Amino acid sequence: MRATVMYKAGDVRIENVPDATIVNPTDAIVRVTRACICGSDLWPYKDLPPTESGRPMGHEAIGVVEAVGREVRRVKVGDPVVMPFAYSDGVCEFCHAGLQTACVHGGFFGIGKVGGAQAEAVRVPLADGTLYPVPHGNDEELMPSLLTLSDVMGTGHHAAVVARVDRGKKAAIIGDGAVGLCGIIAAKRLGAEQIILLGRHPDRIALAREFGATDIVSVRGEEAVERVRELTGGFGVHSVLECVGTGEAMQTAIGIARPGSAIGRVGVPHYDAIPQAQPMFFGNIVVGGGPAPVRAYIEELLPDVLEGHIEPGRVFDRVIGLDGVPDGYRAMNEREAIKVMIKF
Ligand SMILES: [Zn+2]
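Residues numbered from 1 in each chain as written. Predicted model: local features only at pLDDT ≥ 70, side-chain atom pairs only at ≥ 80, totals over all residues.

## What to know about helix H7 (residues 202-211)
Rules: Counting other C-beta atoms within 10 Å of a residue's C-beta gives its exposure: the residue is buried at 20 or more, exposed at 12 or fewer, and partly exposed in between, where C-beta atoms are placed from the backbone. By definition, any uninterrupted DSSP run of H or I lasting at least four residues is a helix, any uninterrupted run of E lasting at least two residues is a strand, and each is numbered from the N terminus. Think of the arc as the fan of directions from the helix axis to the C-beta atoms. The contact rule is simple: place each C-beta atom from the backbone, and if two of them lie within 7 Å, those residues are in contact.
All of the buried residues in H7 are Arg204, Leu207, Ala208 and Phe211. Seen end-on, H7 carries its buried residues on one side only, within an arc spanning 105 degrees. Of the exposed residues in H7, the ones pointing more than 90 degrees away from its buried face are Pro202 and Ala206. Considering only its buried residues, H7 is in contact with helix H6 (178-189), strand S12 (194-198) and strand S13 (215-217). Just downstream of H7, Gly212 is the residue with a positive phi angle, here 130 degrees.

Below you can see the structure in the form of structure tokens.
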């Protein structure tokens, strides 16, 4: 089968690799119908050291179950499924608590012996706990939005939940990538009254407004902090969704967080320590977040997708075939595309 392999920063190739096959009796094989390139794939695209064996890429997909191991009960051959970016057993105490990304038997796609999703097929460990069979999963119109439930929509929602977005409150979203844009959808869905996007790209800002952003702040650093404070009566927001992962973004997050507020961070942190310890302390500001348990959120978000109340699939502004993946990475890295979908 063909799959995406990254050999070093900027070096993404489509290669023939051994077919995905059942290894453990709890595995399923999913034939991928849609996959995509993630903002987090751009970190190795910028800084992966040369590797001889290469790294399989991709962790977001929807597809159809092609085979199941002998212990798989809940998922059947032919089921259209969403594949969350982390696999999980669904039965340990963290899975029961709705934190599948901390599953004691879990892990992430594209790491270790588990392949990536930017491929014709993928082996899914712990299929019963991981995969979410979806009704209307073969509906072409719905596919882009269903695909976002494997990561970006669930991740934006997680940022909003951790940041305690609530009815009538003020929220700010840092980052205008696909996760930040989905964070706007989530903040609106949870009832935020004022939704401020900190972002700079005109195409993304236009979409942000359609998703529900009420204000846009395009300056950065101290200037951004001042501007958000002006927009919020001087105090800052109740909820910050930090969807970037840089130290600068976290610095801004704390700067715009009002006393007693919460920051939900979902961008993989590329800093050693959270800055602004004292303002954070004296403001009683909560910082939380991490890899989103998107498997837990599908239940809640799916009806809104099926009924068309939310359309997170609109973050995809480019559709390519598998051969177009290397150029897709380039386009996302150069901010030419918001999010690239791979159609099989
Ligand atoms: Zn578990």
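After presenting the structure, the write-up continues.
## Overview of the sheet that holds strand S2 (residues 11-16)
Rule in force here: Here, any two strands with at least 2 DSSP bridges between them count as paired. Each axis is a line fitted through C-alpha atoms, and for a helix only the stretch in contact is used; angles between axes span 0 to 180 degrees, taken between their N-to-C directions.
In spatial order, the strands read S2-S1-S4; together these three strands make up an open sheet with antiparallel pairing. Looking at the sheet topology across the chains shown, the edges are occupied by S2 and strand S4 (55-56). In this sheet, S2 lies alongside strand S1 (residues 2-8) in antiparallel orientation, the contact comprising six bridges. Each bridged residue has a counterpart across the sheet, and for Val5 the counterpart in S2 is Arg13. Against the sheet, helix H12 (residues 325-333) touches S1 and S2, its axis set at about 160 degrees to S2.

## A word on unusual backbone geometry
Keep in mind that most residues, glycine aside, have a negative phi and that most peptide bonds are trans. With a phi angle near 60 degrees, Gln276 is a residue other than glycine that sits in the positive phi range. In this fold, Gln276 is placed in the loop between strand S15 (257-265) and helix H10 (277-282). The class of Gln276 is partly exposed, set by 18 C-beta atoms lying within 10 Å. Of note, Arg335 is a non-glycine position whose phi angle comes to about 60 degrees, a positive value. Topologically, Arg335 is positioned in the loop between H12 and strand S18 (339-343).

## Quick look at the environment of Gly69
Residue placement: Gly69 occurs in the loop between strand S5 (61-68) and strand S6 (80-83). Taking the C-beta count within 10 Å as the criterion, Gly69 has 18 such neighbours and is therefore assigned partly exposed. The spatial distance from the C-alpha of Gly69 to the C-alpha of Ser150 is 22 Å, given a sequence separation of 81 residues. If we skip the residues at most four places from it in the chain, Gly69 touches Ile22, Asn24, Pro25, Thr26, Asp27 and Ala28.

## Here's the deal with the packing of helix H5 (residues 152-162) against helix H11 (residues 294-306)
Applied cut-off: Angles are sorted into four bins: roughly parallel if under 35 degrees, roughly antiparallel if over 145, roughly perpendicular if 65 to 115, and oblique for all others.
Relative orientation of the contacting elements H5 and H11 amounts to 90 degrees, with a least axis distance of 9 Å. Accordingly, the angle class assigned to the pair H5 and H11 is roughly perpendicular. Across from Met153, Gly154, Thr155, His157 and His158 in H5, the residues of H11 making contact are Val294, Tyr297, Ile298 and Leu301.

## Points about the environment of Ala3
By the element assignment, Ala3 lies in strand S1. According to the C-beta neighbour criterion, Ala3 is buried, with 27 such atoms within 10 Å. Residues Ala3 and Arg70 lie 67 residues apart in sequence; the distance between their C-alpha atoms is 26 Å. In contact with Ala3, other than residues within four places in its own chain, are Glu15, Val17, Pro56, Gly115, Gly116, Gln118, Ala119 and Glu120.

## Quick look at the sheet that holds strand S11 (residues 170-174)
A sheet is described by the order of its strands in space; here six strands give the open sequence S13-S12-S11-S14-S15-S16, paired in parallel fashion. On the outer flanks of this sheet lie S13 and strand S16 (286-289), each paired with one strand and no other. Each neighbouring strand pair of the sheet contributes to a mean axis angle of 20 degrees, computed without reference to strand direction. Note that S11 and strand S14 (residues 237-242) share four bridges and pair parallel. Following the sheet pairing, Ile174 is matched in S14 by Glu242. Contacts from H6 reach S11, S12 and S14, with the element oriented near 170 degrees to S11.

## Here's the deal with helix H9 (residues 247-256)
Every buried residue belonging to H9 is among Ala249, Met250, Thr252, Ala253, Ile254 and Ile256, and all of these are buried. Looking at the packing, one finds that the buried side of H9 touches S11, S12, helix H8 (221-231), S14, S15 and H10.

## Thoughts on the packing of H8 against H9
In plain terms, the rule: Note: crossing handedness is left-handed where the near helix turns anticlockwise from the far helix by less than a right angle, and right-handed where it turns clockwise. Put simply, Ala, Val, Leu, Ile, Met, Phe, Trp, Tyr, Cys and Pro go in the nonpolar bin, Asp, Glu, Lys and Arg in the charged bin, and everything else, Gly too, in the polar bin.
Across the interface, H8 lies against H9 with an axial gap of 9 Å and an inter-helix angle of 25 degrees. One way to sum up the angle between H8 and H9 is to call them roughly parallel. Crossing hand, H8 versus H9: right-handed. Contacts from Gly221, Ala224, Val225, Val228 and Arg229 in H8 reach Glu248, Thr252, Gly255 and Ile256 in H9. Each residue belonging to the contact of H8 with H9 can be placed in one class, and the counts come to four nonpolar, three polar and two charged.

## Side note on the pairing of S18
We count it as follows: Orienting the strands away from the viewer, one traces the path from the first strand over the helix to the second; a clockwise path indicates a right-handed crossover.
Here S18 lies mainly inside the structure; four of its five residues are buried. In this structure, strand S3 (residues 28-36) lies alongside S18, joined through three bridges in antiparallel fashion. Note that in S18 the partner of Ala35 across the bridge is Ile342. Inspection of the sheet shows strand S17 (residues 316-320) paired to S18 by four bridges, in the parallel sense. For Val319, the partnering residue across the bridge sits in S18 and is Met341. In this view, the connection linking S17 to its parallel neighbour S18 by way of H12 has right-handed handedness.

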